[in-house]
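Coordinate analysis (summary)
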Number of protein chains: 4
Amino acid sequence: MFFASDNSGPTHPEVLAGLAEANKGYAMAYGADALMEEVRTRIRGVFEAPDAAVFLVATGTAANSLALATLSRPFQTIFCSPVAHIHEDECNAPEFYTGGAKLTLVADGDKMTPAALEATIAGEQTRGVHGPQRGPVSITQVTERGSVYSLPELKALCDVAKSFDLPVHLDGARFANAMVALECTAAEMTWKQGVDAVSFGGTKNGLMGVEAVIFFDPAHAWEFELRRKRGAHLFSKHRYLSAQMAAYLRDDLWLRAARAANANAARLAEGLRAKGADFLHEPQANMIFAAFPRAKHRDLFEKGAAYHLWGGTIEGDPDEMLACRLVCDWSITADQIDQFLDLI
Amino acid sequence: MFFASDNSGPTHPEVLAGLAEANKGYAMAYGADALMEEVRTRIRGVFEAPDAAVFLVATGTAANSLALATLSRPFQTIFCSPVAHIHEDECNAPEFYTGGAKLTLVADGDKMTPAALEATIAGEQTRGVHGPQRGPVSITQVTERGSVYSLPELKALCDVAKSFDLPVHLDGARFANAMVALECTAAEMTWKQGVDAVSFGGTKNGLMGVEAVIFFDPAHAWEFELRRKRGAHLFSKHRYLSAQMAAYLRDDLWLRAARAANANAARLAEGLRAKGADFLHEPQANMIFAAFPRAKHRDLFEKGAAYHLWGGTIEGDPDEMLACRLVCDWSITADQIDQFLDLI
Amino acid sequence: MFFASDNSGPTHPEVLAGLAEANKGYAMAYGADALMEEVRTRIRGVFEAPDAAVFLVATGTAANSLALATLSRPFQTIFCSPVAHIHEDECNAPEFYTGGAKLTLVADGDKMTPAALEATIAGEQTRGVHGPQRGPVSITQVTERGSVYSLPELKALCDVAKSFDLPVHLDGARFANAMVALECTAAEMTWKQGVDAVSFGGTKNGLMGVEAVIFFDPAHAWEFELRRKRGAHLFSKHRYLSAQMAAYLRDDLWLRAARAANANAARLAEGLRAKGADFLHEPQANMIFAAFPRAKHRDLFEKGAAYHLWGGTIEGDPDEMLACRLVCDWSITADQIDQFLDLI
Amino acid sequence: MFFASDNSGPTHPEVLAGLAEANKGYAMAYGADALMEEVRTRIRGVFEAPDAAVFLVATGTAANSLALATLSRPFQTIFCSPVAHIHEDECNAPEFYTGGAKLTLVADGDKMTPAALEATIAGEQTRGVHGPQRGPVSITQVTERGSVYSLPELKALCDVAKSFDLPVHLDGARFANAMVALECTAAEMTWKQGVDAVSFGGTKNGLMGVEAVIFFDPAHAWEFELRRKRGAHLFSKHRYLSAQMAAYLRDDLWLRAARAANANAARLAEGLRAKGADFLHEPQANMIFAAFPRAKHRDLFEKGAAYHLWGGTIEGDPDEMLACRLVCDWSITADQIDQFLDLI
């Protein structure tokens, strides 16, 4: 009954097998390993982008910060949702990596709307040299509240960015979960709508710790490499990053794992709905934000369930409705979900 | 016949087993995993430092840059050897992480001497507010040229630093190789001589990619944690870093691997000496800098040997003596060494 | 009829005389000039703070950014109004000088309320190492919309900051205008309410370009000096900054100039009120935000008046009410004001 | 008898008159003043560069740091003399402004030689992504030791830079003194030899505190403007910078002042030579590095002379030869020089 996060579960056995397989003999260091060639080819294939620049790093924050630093200048501001990971959960890493760029928050909600994005961008850079200049737009897909932008929604946001000549970054820490929810291709969820750079997450979906950064315009490649090295994110024994990502892409493991995770969340949501739970957002991928009485949370915690409360603490009126976040990865079993539902 | 680097070899099987072992069920993310408790306890034990602050990162550059940033201020300068990894091989990562501190190079050699260090430190901060202020001293042990500072040499450098009230950082990417060479304890090679912070390497000695950063004064702990997160070096699935380091420390794997590596280098050096090779530096740990005729290098490369030339290229006079760097890790076999020697 | 800004007017004649007076013979460079001694003594006297550290810089942005950098760490966030100069008008200078700290905006208004400040601070640093840590509170007095915090309001904001153990910075680009409006002392407007550091403006009130930075705790002095030098804000011919500030403080020029500026604004506001203008904020110091029909603005511009429109452009419906900002410095004459009022 | 520095003397009366003249009525802020138009036109004329981008800042460190930041990237290294102001006297400002670029020192002397520059540049960027990348070359003219590069020497250095495709920055804190010494034009000392950007000093040659930054390729203009603002170096009352620079350029004041300074230094050098003083470098512009017995220094200081000792302190053997630096600006009189010489 562990729904705390999709970074709490185990590494997928196929990935572990890939690591063991890669652990033979000697390999060129720093990304010149043969497996990285396989990864590059596979990602270009998946994204239908034969020229894309592809890099691996080990954390999502590194992927986001390095991608945004490459797309921006220190006197600019980056546009994102107020609940974006880059704003709330990276301890100023984007500010650090960009050399002091600002983040401008687009309205109050989870998902940015094209209208709010347009108004926010239009409101910046109205003071000549005095205010920050307009910089990249960063979209989180799946959002931090579990929502998934539809393809038309993505296109509309990208169109706004393009109308101001701004690049678009997609924080895809849960890229596969979104793709599975949308039943679309990787190309459709990215460059076909106007996305320029992607943080292509693997860690939350079965890897030990690997994310790819993809630029559809390879002109960014060399600068990114230098920024990655300068940020201390270039691995000497790089083959172990490559091996994870290669295993992830072989036999569609990434999609199988995401389908399992989303299906688990759907089963959980259905059960909760049947029990009368309120949802803060309609679950779409592998995250559920639901509310039940505080007494129920207490009971569940006592019985060993693990997850995060949302917007309140365990202390207080037992009858008050209190929200929580429940996240499923591929490893959760139907039994665990049913056991949890039985307790509610 | 792969002597290119100690980051080219495989992960030690005991480490891989540790990873597989750790890959069960759910674990708290971001360093709150139970294995990290084991790691902390083991490192404190090894270093006889019950209060030490202990952190894991995945690259040596991250360990060095974050440690130095924590020990310095942006208006200071860091004292190091001109061949230090932090100066030559980190693409300005220390400058980036410190917010723009300078590196001041101590004389021309590989090993810093106390006299040169003292003169260099004394020469800085003589211009009041105009020049950079004196900052940490960083010592590389094993040096980048394969030398090992003796304990009295370490003490003399630390004494110079202390006489100026400056903290000392030890870049121990090959910490275990040095300890084995010196036949001393971890405490003797660090705080007993005056070292304040250590980059305790694992990657070059059998791990996939983990280094520990150790501060003997735990007052630095919280700042380091924030800098690590802001630098995007805090792993969500941290248990896989812990698992590697735990396996490394269990049953003295780290010392066994280093002993094997050093013994391999000794066997190789002995063989080379017998063949009449010149040594640029007397080999002490697991690196050898030796010179033989260019024609010999050509021959070896053709026959499949892999290593780096040093200070010259493969093109040129076949009779000219040309140096190379040969590095052994634990995984090199006696057969491989003998095969290589036979070819010379 | 020049109401565009209080940085558009001339330097006060007494300041120019002070510069000429200072322009004799040789002076120690870089702040060691004798006039700086006078300035230090005068400011300590004015602020009833005999131990205060006092420094001069030439721009308000330098004063703010250097003060905030000294009071904060790069992994923190600074709390300020969404219309603060440090947020809107410094092109990411605070982010640059702090090494990448964030700015967190307190609610939507011009003046921060203690309740909004408390809620905002409480909302940060709730995610452990993941989000930015709480940093300084920066208060703008006079605000960018012409309002003046009362002493109890300042105290309430400082009390909130202190309850979280956070330092308080006062951006006093229009410090004298606020003091004159409040009829209080410099000590009452700063450390007596809990302010730790002040940007004490001079440029908008008759100087060519000098602001003082004052820390009531002199422990910050040396770090500030280094940051000022590193930021390229230490003047070699520093005596010309000192001379301006000395002239400003002699014979209460700073208060005389501010009284004149505020009186000019009051005369203008009174006249506008009589003409039926709407005020966006009740004028308190030397700035007026008032609305009249667009046709009237057109007419005034044609007749040579200079000021900034606010929230709209000169193109559009002639009858629509359109706001503007009118700023008076000490140099505006009653005639100019009356001439302007006559045109309305 | 004040030979401490050319930043210790008074502002030239014509500059003060220019400031008084500029101090009338209202002027657009932030560089939009009419005088800046005059300055831009005059500088373009002087440099025979009708498209040059021209900006004013108030300190030499700001000019250098902002120019170098505009010409470089944070993962690069800047090539300069080990005694360059940017290395020794700016408290890491270049590292700060560039976002953490490194400075690589070219050999040991004062003046860089083309051979040493070439060898140094060739030695960098030999490690792919691991070391810093090659960045701008910065040349100081007059050097910090009072030497002047001849035009062929400048050309040879620029040619080396160009052969690596690197931009060239000229730190011309004493630009006019060098031009007068070389009897050449501004164009000949800059772009005609291959210089891309110039810090065109005024402060050491009669201004209160103004330096121009000139880019011969105007493509850098907007980035520089943003960097200047972000660095807090954009003055609101910019007309007072413009007024100084305009006065400097009118009627060749800059050349008259430099001629006077150089002539003063020549008179002083001649007198010293007659007295048997040793010169560390042959004086060429307005700085003299000479040695006489320590007892003589003691005597001179007692009698009121002011200058800096070089490489030693006043304590010690009275007969030992001890070097000093003597600097003349335009304001030194023949009487002062003769009085000083009489004392020796």
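Below or above, wherever it landed, is the structure these notes cover. Because the structure is a prediction, the values reported are computed rather than measured.

**Here we look at the relation of the copies chain C and chain A**
Superposing chain C onto chain A takes a rotation of 180 degrees plus a shift of 0.0 Å along the axis, which leaves an RMSD of 0.0 Å. In symmetry terms, the pair is related by a two-fold rotation axis. Considering only C-alpha atoms, the part of chain C nearest the rotation axis is C:G100, at 2.3 Å.

**Focus: the packing of aromatic side chains**
Across all of its chains, the model carries 66 aromatic pairs over all chains by this definition. When the ring of A:F47 is compared with that of A:F216, the centres are 5.9 Å apart and the planes differ by 50 degrees; the resulting orientation is tilted. Of this pair, A:F47 sits in the loop between α2 (34-46) and β1 (53-57) while A:F216 is found in the loop between β7 (211-215) and α9 (221-230), placing the two residues 169 residues apart along the sequence. On the accessibility criterion, A:F216 (16% relative accessible area) is buried. Ring geometry for A:F200 versus A:Y248: centroids 6.1 Å apart, planes at 65 degrees, classification edge-to-face. Here the residue A:F200 occupies a position in strand β6 (residues 197-201), and A:Y248 occupies one in helix α10 (residues 239-249), the gap between them amounting to 48 residues. Its relative accessible area of 0% is what places A:F200 among the buried residues. What makes A:Y248 buried here is its relative accessible area of 0%. Above the plane of the ring of C:F96 lies D:R230, whose end atom (NZ or CZ) is 3.9 Å from the centre.

**Considerations on the environment of A:F96**
Among the secondary structure elements, A:F96 is positioned in helix α5 (residues 93-98). The exposure class assigned to A:F96 is buried, which follows from its relative accessible area of 5%. Counting along the chain gives 163 residues from A:F96 to A:R259, while the straight-line C-alpha distance between them is 35 Å. Once residues lying within four places of it in the same chain are set aside, the contact partners of A:F96 are B:F96, B:Y97, B:R230 and B:G231.

**Observations regarding the pattern of salt bridges**
Counted according to the given criterion, the structure contains 84 salt bridges over all chains. In this structure, the salt-bridge partner of D:R73 is A:E223, at a minimum N-O distance of 3.1 Å. With D:R73 in the loop between α3 (60-71) and β2 (76-80) and A:E223 in helix α9, this residue pair bridges two chains. Here D:R73 falls in the partly exposed class, since its relative accessible area comes to 23%. You can call A:E223 buried: its relative accessible area is 17%. Close ionic contact of D:K303 with D:D299 constitutes a salt bridge, the shortest N to O distance being 3.0 Å.

**Description of the interface of chain A and chain B**
Across the boundary between the two partners, chain A contributes 48 residues, which contact 48 residues of chain B. For the pair chain A and chain B, the summed buried area comes to about 4100 Å², and 60% of that belongs to carbon and sulfur atoms. Looking at the side of chain A facing chain B, the largest losses of area belong to A:Y26, A:F96 and A:K237, adding up to 21% of the total buried there. For the pair chain A and chain B, the interface holds zero salt bridges. On the surface where chain A and chain B come into contact, there are 26 residue pairs in polar contact (both at pLDDT 80 or more). Class assignment for the residues of the side of chain A that touches chain B results in 24 nonpolar, 16 polar and eight charged.

The rules behind the values
Numbering of residues starts from 1 in each chain and follows the order in which that chain's sequence is written. For this description, chains carry letters from A and ligands carry numbers from 1, given in the order in which they are written. Totals for whole chains, interfaces and linings use every residue, but because this is a predicted model, local features are given only for residues with pLDDT of at least 70 and side-chain atom pairs only at 80 or more, for both listing and counting. In computing side-chain properties, one takes all heavy atoms of the structure into account and sets aside hydrogens as well as water. For this overlay, a least-squares fit was computed on C-alpha atoms, restricted to residues scoring pLDDT of at least 70 in both copies. Here is the rule: rings of Phe, Tyr and Trp (six-membered ring for Trp) pair when centre to centre is within 6.5 Å. Planes less than 30 degrees apart are stacked, more than 60 are edge-to-face, and the remainder are tilted. Only DSSP runs of H or I reaching four residues or more are called helices, and only runs of E reaching two or more are called strands; each is numbered from the N terminus. Throughout, exposure labels follow a simple rule: accessible area from a 1.4 Å probe, protein chains only, divided by the maximum for the residue type, with under 20% read as buried, over 50% as exposed, and the rest as partly exposed. Charge over a ring is defined by NZ of Lys or CZ of Arg lying within 6 Å of the ring centre and within 35 degrees of the ring normal. Contacts between residues were defined by any pair of non-hydrogen atoms, one from each residue, lying within 4.5 Å. Each reported salt bridge corresponds to a side-chain nitrogen of Lys or Arg within 4 Å of a carboxyl oxygen of Asp or Glu. Defined in terms of a 1.4 Å probe, buried area is the accessible area two parts forfeit on being brought together, summed over both. Here a polar contact means two N or O atoms within 3.5 Å. Within protein one must be a hydrogen donor candidate and the other an acceptor candidate, and residues neighboring in sequence count only if both atoms are side-chain atoms. Residues are sorted three ways: Asp, Glu, Lys and Arg are charged, Ala, Val, Leu, Ile, Met, Phe, Trp, Tyr, Cys and Pro are nonpolar, and all the rest, Gly among them, are polar.

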